[in-house]
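# Report on the structure
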Amino acid sequence: MNREGYLRRVMMSLLCLTLFFTGSISSSAVETTPVEQNGHLKVIGNQLCNQANQPIQLRGMSSYGLQWDNGSKYINYDCLKYLRDNWNINVFRLAMYTREGGYIDDPAVLDTVKKGVEIALELGIYAIIDWHILSDNDPNLHKAEAVEFFEQMSLLYGKYPNIIYEICNEPHDVFWFKDIRPYAESVIEAIRKHDQNNIIIIGTSSYSRDVDIASDNPLSGHNLMYASHFYAGSHGQSVRQQIDYARKNNCAVFVSEWGTTNASGNGEIYPELAKIWIDYLSENKISWCNWSLGDKDESSAILTPGANPKGNWTDAELTESGKFIKTILSTNQ
Ligand code: DCB
């Protein structure tokens, strides 16, 4: 090979190397989504972990009730992308009420749930499919529908690492061992027919606070977590102690819903008490979703009435709670 040919080859190789490195650097910085980074989640001991067995904390928003316009209008690609890219959410909860005009009363709400899941798949964030029992306090009231629903969801989406199932939002006036546990066994069995791996969150008694009671008689099976919900104005140290107790019993806890208000979802907000909770959850790498992404005129909503459905909100479109949550999430506090 002559000298000119040799030089040309050296120059070409340098060019290729430069293109390779700049290309790969920019794609990892900009294009790696939370799900690409973390893959299939799993529970190890009492801790949620990623595919590489490293502890992970998911943080994000719960929708408002999807049967209502105040909640459903924010389930669109632009809004959830805005929350992923500007508020750093890596999880999103789709609150599908069963009663109060929800799935049992009008199954059309399922379209919004599916839309939300498909957006989560595109955006590479985790999506919680929440069977949001509330006035129907006992999950057994609609157990047959729940079994059928979750079997259908696991068949459709179980192959994607994005999916998390929450099988009963907030049971109350029922007992863990006698009522909730057998319900959970049936629903888990239905999900596991099609999806052997994704995380399943099980609600607990007293509006999903009694994780301690559940942990004394836990379910058998893998990748199961127990729901602990709190409202900062109503629930504090004693609820954190219930969580500590469950974790000592080797049960994994997911705070799939919490609010800055009292348990009514309205009235004053309690940012100092909420910050104590947030620090506790971060220290223990406990995942959470805040209630709620919606513009109902109530203080637990993060948006003021009429806020842009596509995100990109000004401060005037955020409530006090919204500004607080935005700071916590976007500055990784
Ligand atoms: C939970 C529910 C959630 C509820 C919020 C705030 O309920 F999971 O669905 O959301 O916490 O209360 C509220 C909405 C309202 C709506 C109402 C009924 O923000 O706009 O009108 O649902 O659909 C809890 C949580 C804790 C307790 C009681 C309730 N508690 N509860 O500890 O007593 O009765 O709804």
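The sections below set out a description of the structure shown in this document. (Residues numbered from 1 in each chain as written. Predicted model: local features only at pLDDT ≥ 70, side-chain atom pairs only at ≥ 80, totals over all residues. Heavy atoms only, no water.)

### Focus on the overall build of the protein chain
- Within the protein chain, the regular secondary structure consists of 12 helices and 11 strands.
- The C-alpha radius of gyration computed for the protein chain amounts to 22 Å, which stays within 12% of the reference 20 Å derived for 333 residues, consistent with globular compactness.
- Expressed along its principal axes, the backbone C-alpha trace of the protein chain runs to roughly 85 × 45 × 40 Å.
- Split into buried and exposed, the 333 residues of the protein chain put 53% on the buried side.
- Sequence separation of at least 24 residues holds for 75% of the intrachain contacts in the protein chain that already meet a minimum separation of 6.
- For the protein chain, the computed accessible surface area is about 14,300 Å², with 51% contributed by carbon and sulfur atoms.
- Here the protein chain holds 28 positive side-chain charges and 40 negative ones, and the gap between their average locations is 9 Å. (Helix = DSSP H or I, 4+ residues; strand = E, 2+ residues; numbered from the N terminus. Rg over C-alpha atoms; globule rule 2.2 N^0.38 Å. Buried < 20%, exposed > 50% of the residue type's maximum accessible area, 1.4 Å probe, protein only. Contact = heavy atoms within 4.5 Å. Areas by Shrake-Rupley, 256 points an atom, 1.4 Å probe, with all protein chains shown as cover. Lys, Arg positive; Asp, Glu negative; His and termini not counted. Charge placed at Lys NZ, Arg CZ, Asp CG, Glu CD.)

### Regarding the layout of surface pockets
- For the second largest pocket, the calculated volume is near 280 Å³.
- Surrounding the second largest pocket, 17 residues form its lining, Leu134, Glu170, Tyr231, Glu257 and Ala263 being those nearest its centre.
- Here the residues of the lining of the second largest pocket are counted per class, giving 7 nonpolar, 6 polar and 4 charged. (1 Å grid on protein atoms, 1.4 Å probe; cavity = no way out; pocket = protein on both sides within 12 Å on 5 of 7 lines; lining within 4 Å. Points joined across faces, edges and corners; volume = space filled by probe spheres on them. Nonpolar A, V, L, I, M, F, W, Y, C, P; charged D, E, K, R; others polar.)

### Thoughts on the packing of helix α6 (residues 143-157) against helix α7 (residues 176-192)
- Between α6 and α7, the shortest axis-to-axis distance is 8 Å and the interhelical angle comes to 30 degrees. In terms of orientation, α6 lies roughly parallel with respect to α7. As for how α6 packs across α7, the hand of that crossing is right-handed. Of the residues in α7, those in contact with Lys143, Ala146, Val147, Phe150, Glu151 and Ser154 of α6 are Pro182, Tyr183, Ser186, Val187, Ala190 and Ile191. (Axes fitted to C-alpha atoms, helices over the stretch in contact; angles between N-to-C directions. Parallel < 35°, antiparallel > 145°, perpendicular 65-115°, else oblique. Left-handed = near helix turned anticlockwise from the far one by under 90°.)

### Some points on the pattern of salt bridges
- Counted according to the given criterion, the structure contains 14 salt bridges.
- Linking arginine 99 and aspartate 105 is a salt bridge whose minimum nitrogen-to-oxygen distance equals 3.2 Å.
- Judged by relative accessible area, which is 32%, arginine 99 ranks as partly exposed.
- Taking relative accessible area as the criterion, aspartate 105 reaches 41% and is therefore assigned partly exposed.
- A salt bridge links lysine 323 to glutamate 320; the shortest N-O distance between them is 3.3 Å. Here the residue lysine 323 and the residue glutamate 320 both occupy positions in helix α12 (residues 320-330), the gap between them amounting to 3 residues, near one helical turn.
- Overall, the relative accessible area of 29% leaves lysine 323 in the partly exposed class. (Salt bridge = Lys/Arg side-chain N within 4 Å of Asp/Glu carboxyl O.)

### Digging into the site of the ligand
- Around the ligand sit 19 residues in total, of which Tyr64, Tyr97, His132, Ala263 and Glu298 are the nearest.
- One of the side-chain N or O atoms of arginine 209 is found 3.0 Å from an oxygen atom in the ligand.
- In the model, an oxygen atom of the ligand is placed 3.4 Å from a nitrogen or oxygen of the serine 264 main chain.
- Relative to its free-state accessible area of 660 Å², the ligand is covered by the protein chains to the extent of 79%.
- Among the detected pockets, the ligand sits in the second largest pocket. (Near = heavy atom within 4 Å. Polar contact = N/O pair within 3.5 Å; in protein donor to acceptor, adjacent residues only side chain to side chain. Sits in = over half its atoms within 2 Å of the grid points.)

### Side note on the side chain of asparagine 90
- As for its position among the elements, asparagine 90 is in the loop between α4 (77-87) and β4 (91-97).
- Of the polar contacts made by the side chain of asparagine 90, one reaches the backbone nitrogen of arginine 59; its length is 2.8 Å.
- In contact with asparagine 90, other than residues within four places in its own chain, are Pro34, Gln57, Leu58, Arg59, Ile125 and Tyr126.

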